[in-house]
Amino acid sequence: MGKKITIEPVTRVEGHGKVTIRLDDAGRVTESRFHVVEFRGFERFVQGRPYWEAPVLVQRLCGICPVSHHLAAAKAMDVVVGTGPGKLPVTAEKMRRLMHYGQMFQSHALHFFHLASPDFLLGLDADPAVRNVIGIIGLDKGLATQAVLMRKFGQEIILATAGKKVHGTGAIPGGINKNLAPEERDRFLKSPDGLTVDRMIEWARAAIELFKGYHAKNKDLVDGFAAFPSNHLSLVRKDGALDFYHGVLRAVDADGRKVLGDVDYQDYLSYIGEETRAWSYMKFPYLRSLGKAAGWYRVGPLARLNTCDYIPSPLAQKEFEAYKAYTDGKPNNMSLHTHWARLIELLHAAEVIKELLLDKDLQGGKLVRTGRRAPEGVGLIEAPRGTLFHHYRVSADDQITMANLIVSTTNNNESMNRAVDWVARNVISGRPEITEGMLNRVEVAIRAYDPCLSCATHALGRMPLEVTLVDAAGRVRQRKVR
Amino acid sequence: MTEIRFTVDGRPCLAKPGQTIVEAAKANGVYIPVLCHYEGLKPAGSCRICTVRVAGRYMAACTQPVTEGMAVENTAPDLEDMRKSLIEMLFVEGNHFCPACEKSGNCELQALGYRYRMLAPRFPYLWPVRTVDAGTPLVLLDRNRCVQCLRCVRGVRAKDGRKIFASVRRGPRVAIEIDHKLAAKLTEEEARRAMDLCPVGAILRKETGFVRPIGRRKFDHTPIGADVEKGIGR
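Only a predicted model underlies this, so the values are computations on that prediction, with no experimental measurement involved.

Looking only at helices and strands, one finds seven helices and 10 strands in chain B. In terms of C-alpha radius of gyration, chain B reaches 18 Å, essentially the compact-globule figure of 17 Å for 234 residues. With the C-alpha coordinates aligned to their principal axes, the bounding extent of chain B is approximately 50 × 45 × 40 Å. Scored against the burial criterion, the 234 residues of chain B give a buried share of 37%.

Here you go:
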């Protein structure tokens, strides 16, 4: 007689979000939850592996922005090999920056054009069969082509710095394994096919204008949809500038008051706590100083433009000033404005890529430096979706003994739950039936945060989403799965 | 010295007396895949990747000397499929995760997998529980990736000739052990040689992982055996 073995949860499954909404007898929403039912286990199976393997191993967490994990792990291991912040050879740090800003450019372009724009350009209630990137091709072939080429440009930058477009090996503890040859550089400055960094800057500016045009016509939706106050957290450069690669940790509240003041992230455990809840595999981080109830925060483009004082590139800074003026300089708490912030960052990334390409330090020969060993290290980076934490302990024999990762999407866990709750209470509450458009609004709220539940999430812009309506007696009244 | 005449898949070749089929084939620009074999080490004939057929009999080309008039079958479809199945067996009986292995691109087992177009093994994965020995200063032994080729046992020795690596136990529990006291005295050069000797990522020179960028690795541009076929390996 055979036996049956059930494994639950199924590990390394990409992209399963689940939403539950509970109603009282009158059909009013009493509770809503956004569950993440994936379990990955990287923190466990990296244990015992040699420390220099971490940057290459842990980047397999993701196929969209693996560079973030690659660099966060490398930064943590820099500390372990005694080459912490500021001690890397200049060529190594600039190569890593180029890799990271290339990634930021491709990821932001992917999210806005491939995933988010169908909602805006085709409509929230459009037929789901066309409300996707294929629909965008039908609507505006030129724009769709441009979107693909922008992503390609960013991926080519990653290829030139990491050796592969996805899951390369560039960063190693204490440095980088290659510099940028002049011929590799020149194709981005004066490519015969016209895909130059100047063209990317031009297209990024056009993308901002596209969003602004939509905003002008849909102010109520863009300003009001899933808007709620929150704290905001990100790295900022020591002088307060926007910086995706390195900085100090800063958090502001909904009114702009600093609630975490420019601290060294090596001590992140003193400032950030992680709460677990029984119904989700994703933890709920919070600022310890404000406690579990009030200390939750947002990360990502919206948060970054709320915490930083300025953007250190001229065109993006000009856009930043207009963006800040819209909220009179106060923090922006409107979820859909994340798209606006993301596009300003897209422009900034392109400007920084150009600045780096023109920097002769990228052709330097000193690539690695090591110093005095340390038993542990923390590496933080601003990933496209927000602040990413990597923390490792390493034995004297060079094996990893502990890993703690707080990924960007985890940082946004409470925020996404709040956004879902907003849709439940404002769109669903008191209505007897779930319509497709209603489902899509739940997705639009989650999608603003560009959550990396999975690559599947990104496949065609339609998450495998399950929405369940439960009545006061606990009976499932309606369930929709897609 | 009289040369010996033999053929590989009907192609006339010449060998020196005492040369094995692998050595003689290589000298004639014919690639016969090897894994446990390493030039300069006494042949072990343990992996059987080099299996050829002579007069209907199967033999390890790395240990079998060439004889006059020998007609060697090297690329018959059934032989090639058998080699491929051996490669697949090696993959399933260990824990070979190429994506995070620093030997990727320089690994002979991976290169053979590519050369033989292995897409997915025909055998079930065994997922053995194996250990990592990081207890020596310069070298790390990752038994998950070991294919028991015994190159390290044969080729890595202390200055007084004692073996630093040894094969212990038998059957599915067979494993490579490292003598910590002797390994502690390995020089930088010896540690690097130990890593280079290992065809897979089981023996690593510590702290140097991924220093060679993608594009400059051994098998990034040409498949394993291409040097022999182009005559470079002669």
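Once you've had a look at it, read on.
Residue and element names in this part refer to chain A. The domain architecture assigned to chain A consists of domain 1 (17–37 + 414–481), domain 2 (88–160 + 177–227 + 334–368) and domain 3 (229–330). Placing a centre on the C-alpha atoms of domain 2 and another on those of domain 3 gives a separation of 22 Å. Each partner contributes to the interface: domain 2 provides 19 residues, whereas domain 3 provides 14 residues. Of all elements in the fold, only helix 4 (90–122), helix 8 (197–217) and helix 14 (337–357) reach the threshold of two or more residues within the side of domain 2 that touches domain 3. The biggest single contributor to the side of domain 2 that touches domain 3 is helix 14, with 11 residues. For the side of domain 2 that touches domain 3, the class distribution of residues is nine nonpolar, four polar and six charged.

Residue and element names in this part refer to chain B. One open sheet accounts for three strands, arranged 6-7-10; its pairing is antiparallel. The open sheet has two free edges, formed respectively by strand 6 (132–133) and strand 10 (203–205), since each of these has just one partner strand. For strand 6 and strand 7 (residues 139–142), the ladder comprises two bridges, and the chain directions are antiparallel. Directly across from Asp133, in strand 7, lies its bridge partner Leu141. Against the sheet, helix 6 (residues 188–197) contacts strand 7 and strand 10, and its axis sits at roughly 140° relative to strand 10.

Right, let's get into the packing of helix 3 (residues 66–80) of chain A against helix 4 of chain A. All names here are of chain A. Viewed as axis vectors pointing N to C, helix 3 and helix 4 meet at an angle of 150°, and their least axial separation amounts to 9 Å. Judged on the interaxial angle alone, helix 4 and helix 3 are roughly antiparallel. As for the relative orientation of helix 3 and helix 4, their crossing is left-handed in sense. Taken together, the residues of helix 4 that come into contact with helix 3 (itself represented by Val67, Ser68 and Leu71) are Arg96, Met99, His100 and Gln103. A per-class count over the contact of helix 3 with helix 4 returns three nonpolar, three polar and one charged.

Tallying the contact residues gives 18 residues for chain A and 16 residues for chain B. Tallied by class, the residues present in the side of chain A that touches chain B amount to five nonpolar, seven polar and six charged.

Residue and element names in this part refer to chain A. Two elements in contact, helix 13 (residues 314–326) and helix 14, have axes whose closest approach is 8 Å; the angle formed by their N-to-C orientations is 165°. With respect to helix 14, the axis of helix 13 lies roughly antiparallel. Read as a crossing pair, helix 13 and helix 14 show a hand that is left-handed. The segment helix 13 lies against helix 14, with Leu315, Ala316, Glu319, Phe320 and Tyr323 engaging Trp340, Ala341, Ile344, Leu347, His348 and Glu351. Looking at the contact of helix 13 with helix 14 residue by residue, the classes come out as eight nonpolar, one polar and two charged.

Residues and elements named next belong to chain B. Domain annotation of chain B identifies domain 1 (4–75) and domain 2 (85–205). Centre-to-centre, using C-alpha coordinates, domain 1 lies 25 Å away from domain 2. With 11 residues of domain 1 at the contact, the number on the domain 2 side is 14 residues. Class assignment of the residues belonging to the side of domain 1 that touches domain 2 gives a composition of eight nonpolar, one polar and two charged.

What counts, and where the lines are drawn
- Residues numbered from 1 in each chain as written.
- Chains lettered and ligands numbered in written order.
- Predicted model: local features only at pLDDT ≥ 70, side-chain atom pairs only at ≥ 80, totals over all residues.
- Helix = DSSP H or I, 4+ residues; strand = E, 2+ residues; numbered from the N terminus.
- Rg over C-alpha atoms; globule rule 2.2 N^0.38 Å.
- Buried ≥ 20, exposed ≤ 12 C-beta atoms within 10 Å, placed from the backbone.
- Domains from an automatic or database assignment.
- Contact = placed C-beta atoms within 7 Å.
- Nonpolar A, V, L, I, M, F, W, Y, C, P; charged D, E, K, R; others polar.
- Pairing = 2+ DSSP bridges.
- Axes fitted to C-alpha atoms, helices over the stretch in contact; angles between N-to-C directions.
- Parallel < 35°, antiparallel > 145°, perpendicular 65-115°, else oblique.
- Left-handed = near helix turned anticlockwise from the far one by under 90°.

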